[in-house]
Structures are given as structure tokens and as C-alpha cells.
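# Fold and contact review
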Amino acid sequence: MGKNQHVVPRDGQWAVLGAGNSRATSLHPTQADAIASARDIAINQQSEVVIHRPNGQIRDSNSYGNDPFPPRG
């Protein structure tokens, strides 16, 4: 399983940041663009996307790997 991808605000843009990294993987003008990029990386690495609000709080997360807590069907 790869690193979780975080979508965070950075310098008026939105950055995709691998967990534990200080350098952004990519920068995007909108949060939606950054989420799409992070989603592609997470699917490839079977990891999770963690979406942050402009104030840094976690807004949402989506798992694209083996989810340890799958929804009950």
C-alpha cells in the first residue's frame, strides 16, 4: 500500500502531498483539480485521499485500496 495523498491549501493554490512529504507532488488552481490528481495517484498506489478544508481541517477522505473498515452491506 502506498502513501496516503493529502489535498491541502498552499500559497493560494491546492497541493497534492504524499503523507510525510514536505514537497508537493503537484499544485493546482482549484481543489477539484487537486482531488482528481490525488485520486489518480491513490488508485495507482492503492492508498487513501485525505481532503482538507482551507483552514487545514480534514473535510473528507476516500479509500482506493484494501479498506480495513469496508461499509456494511
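One can find the structure itself at the top, above this paragraph.
Residues numbered from 1 in each chain as written. Predicted model: local features only at pLDDT ≥ 70, side-chain atom pairs only at ≥ 80, totals over all residues. Heavy atoms only, no water.

### Describing the pairing of strand S5 (residues 58-63)
What counts here: At least two bridges found by DSSP between two strands is the condition for calling them paired. To qualify as a helix, a DSSP run of H or I must reach at least 4 residues; to qualify as a strand, a run of E must reach at least 2; elements of each kind are numbered from the N terminus.
In this sheet, S5 lies alongside strand S4 (residues 48-52) in antiparallel orientation, the contact comprising 5 bridges. If you follow Glu48 over to S5, its bridge partner there is Ser63.

### Quick notes on the sheet that holds S5
We count it as follows: Lines fitted to C-alpha atoms define the axes, with helix axes restricted to the stretch in contact, and inter-axis angles between N-to-C directions lie between 0 and 180 degrees. Contacts: residue pairs with any heavy atoms within 4.5 Å of one another.
Taken in spatial order, the 5 strands make up an open sheet running S3-S2-S1-S4-S5, and their pairing is mixed. In the strand order of this sheet, the two ends are held by strand S3 (26-28) and S5, each with one partner. Taking each pair of neighbouring strands and ignoring which way they run, the sheet shows an average axis angle of 25°. Where strand S1 (residues 5-10) meets S4, 3 bridges bridge the pair, whose relative direction is parallel. Bridging from a neighbouring strand, Gln5 pairs with Val49 of S4. Seen against the sheet, helix H1 (residues 31-45) touches S1, strand S2 (13-18), S3, S4 and S5 and runs at an angle of roughly 160° to S1.

### Considerations on the side chain of Gln5
Under the convention used in this document: The buried label applies to any residue whose accessible area, calculated with a 1.4 Å probe on protein chains only, is under 20% of its type's maximum; exposed applies above 50%, and partly exposed to all values in between.
Tracing the backbone shows Gln5 in strand S1. Judged by its relative accessible area of 3%, Gln5 falls in the buried class. When residues no more than four places from it in sequence are discounted, the contact partners of Gln5 are Val16, Leu17, Gly18, Thr25, Ala38, Ile41, Ala42, Gln45, Ser47, Glu48, Val49 and Val50.

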